[in-house]
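Given next are the chains, with one letter for each unit.
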Amino acid sequence: MDWKDIESYPNDFLWGASTSSFQIEGAATTDGKGLSVIDVMEKQPDITDFSIAADHYHHLEEDVALMADMGLKVYRFSISWTRIFPQGNGEVNQAGVDFYNRLIDALKKYQIEPLVTIYHFDYPQALVDQYGGWLSRQSITDYHRYATFLLKTFGDRVKYWLTINEQDHVIRFPSRLGIKECTYAEQLRLGYQANHHMCLATARVIQTFHELGMTGKIGPAVSYSWIHPYSANPMDVLASKDATIIKNNYLLDLHCKGKYNKVFWRYLEERHYLPKIEAGDMELLRENPPTMIGVNYYYSETVKAFPTSSEYPIGYHKETPLPTAEAGIFEVVNNEQLSATDWGWEIDPIGLRLTLRELYDRYELPLIITENGIGAYDKLEADDKIQDDYRIDYLQKHLQQLQLAITEGVDILGYCAWSFMDLVSGRNGMEKRYGFVYINRDDFDLKDLRRVKKQSFYWYQKVIRSNGKYIWRD
Ligand code: BGP
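Being a predicted model, the structure only gives us computed values, none of them experimental. (Residues numbered from 1 in each chain as written. Predicted model: local features only at pLDDT ≥ 70, side-chain atom pairs only at ≥ 80, totals over all residues. Heavy atoms only, no water.)

### Looking at the overall build of the protein chain
When its secondary structure is counted, the protein chain shows 15 helices and 14 strands. Taking 474 residues into account, the globule formula puts the C-alpha radius of gyration at 23 Å, and the protein chain, at 21 Å, falls close to it. Taken along its principal axes, the extent of the C-alpha atoms in the protein chain is 60 × 55 × 50 Å. Across the 474 residues of the protein chain, 62% fall into the buried class. Long-range contacts, defined here as pairs at least 24 residues apart, represent 77% of the contacts in the protein chain between residues at least 6 apart. Approximately 18700 Å² of the protein chain is accessible, and the part contributed by carbon and sulfur atoms is 49%. (Helix = DSSP H or I, 4+ residues; strand = E, 2+ residues; numbered from the N terminus. Rg over C-alpha atoms; globule rule 2.2 N^0.38 Å. Buried < 20%, exposed > 50% of the residue type's maximum accessible area, 1.4 Å probe, protein only. Contact = heavy atoms within 4.5 Å. Areas by Shrake-Rupley, 256 points an atom, 1.4 Å probe, with all protein chains shown as cover.)

### Remarks on empty space enclosed by the protein
Enumeration according to the criterion identifies five cavities of 30 Å³ or more in this entry. Approximately 80 Å³ is the volume attributed to the largest cavity. Classifying every residue of the lining of the largest cavity by side-chain character gives four nonpolar, four polar and five charged. (1 Å grid on protein atoms, 1.4 Å probe; cavity = no way out; pocket = protein on both sides within 12 Å on 5 of 7 lines; lining within 4 Å. Points joined across faces, edges and corners; volume = space filled by probe spheres on them. Nonpolar A, V, L, I, M, F, W, Y, C, P; charged D, E, K, R; others polar.)

### Observations regarding the sheet that holds strand β8 (residues 301–305)
Here four strands make up an open sheet; going across it, the order is β6-β8-β10-β9 and the pairing mixed. Every interior strand has two partners, whereas the edge strands, β6 (227–229) and β9 (325–326), have only one. Where β9 lies against strand β10 (residues 330–333), two bridges are found, and the strand directions are antiparallel. In the sheet register, A325 faces β10, and the bridge partner there is E331. (Pairing = 2+ DSSP bridges.)

### What about the side chain of T202?
Within the fold, T202 resides in helix α9 (residues 184–211). Those residues in contact with T202 that lie beyond four places of it in its chain are Y143, T163, I164, Q167 and H255.

### Observations concerning the sheet that holds strand β1 (residues 14–18)
Strand order in the closed barrel formed by eight strands is β1-β2-β3-β4-β5-β7-β11-β12, with parallel pairing between adjacent strands. Each strand of the sheet is rotated relative to its neighbour by a mean of 25°, with strand direction disregarded. Of the strand pairs in this sheet, strand β11 (residues 367–371) and strand β12 (residues 412–418) are connected by three bridges, and their pairing is parallel. Considered in β12, the bridge of I369 is made with Y415. (Axes fitted to C-alpha atoms, helices over the stretch in contact; angles between N-to-C directions.)

### Description of the pairing of β8
Regular strands place their side chains on alternate faces of the sheet. By the criterion of burial, β8 is predominantly enclosed, with four of the five residues buried. Both β6 and β8 contribute to a ladder of three bridges, which runs parallel. Within the sheet, the bridge partner assigned to P229 lies in β8 and is V303. One ladder, built from four bridges, connects β8 with β10; its direction is antiparallel. Within β10, the residue paired with V303 across the bridge is V332.

Here it is in structure tokens:
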């Protein structure tokens, strides 16, 4: 497509960046905060835990001033459920409410729109202890109570809400679900039941959002990796279609269409993963779809057909947390056309555009990119410079494809890069950095936690100031 044909970013486009509470805040037990499943996770010997993270809890004003300096129009952050309700469903902890009031007020002072994730992995451990957390239907009531409290308390200043972050990841990581010691198949059976409860919990909160007369937008943040067929062999194409349903679309079909996709249902049935559905569940889902979809996109995947055999019967899968091979359906393979990050995530900006087009065609809801970025081993040079050209390159190419998707008619509200500042990676500690702002600490050496702007900070500042025009400069 020729430059003259590309539509500009809309004037009200929300240029932003993201974080999540447990990955930046630290202060894990400060001012009355209760324990989350993240706080009680078994410690990994070679990476840090989340107890201090970027110590944002004690750097709030400084961090928001940096956001303002960068020119952010929107900041996506999550609220720590156990700062608000330490026991998940008991008394309110006023100190937690005060902290988020300070954050939201500081953002508003600089005209930065808050985009709030209600729950991003850090589920209250007390609810797991009380009744098994998301595995029980009781979880729907408690999530609804917590979320309603947030809507009523912060809704005068917050327009944009994300209900649950990446629930497909929650169900696949035993620690995030609070499950210990069970087989992979049992984990998935329980996980799909939890998934059903999370969809119902989301629908109830969306219902309440409307009942309260809130005028902003609300929806889930889903992880989505575009899935290419390895070849033009129709078997590979079929594998990519099936993998797209089983890994991605099943969830948005539930949220947005209020139904279990047929291919997905058969998949669950054949493997004995079917969830228990009660009367009224599907109506609740159908009647309360989201009004926007948050999209977390980092990489694409490429799959081949994986026929069953006596060695690999139905039900066989590689025991990786995120599915990489399922007998009878698909197997993830390397894509020689693409380069990858140091952690093997294949970099595919066109995959982002394909994803946005697919989601908009299928669900016809406004989209917001809630995560997109590159994890890397950034190096702090002696003169306090961090030359992260690879990050600029990654973001630039993705933003170009995003603009092409807008040109092609996709309704995109905004773009939040992951992440505003360095944070503790979900699975790789401090060495895998994502931020525009460097946090001066390592896994086991806290140093001075100094904030240092990376090259990408200055680059993104120019992108925002030019409303996107700068992404076309070499
Ligand atoms: C998403 C999560 C984020 C973040 C990101 C990067 O799945 O929503 O919380 O962690 O992935 O992943 P990682 O930190 O494992 O590289």
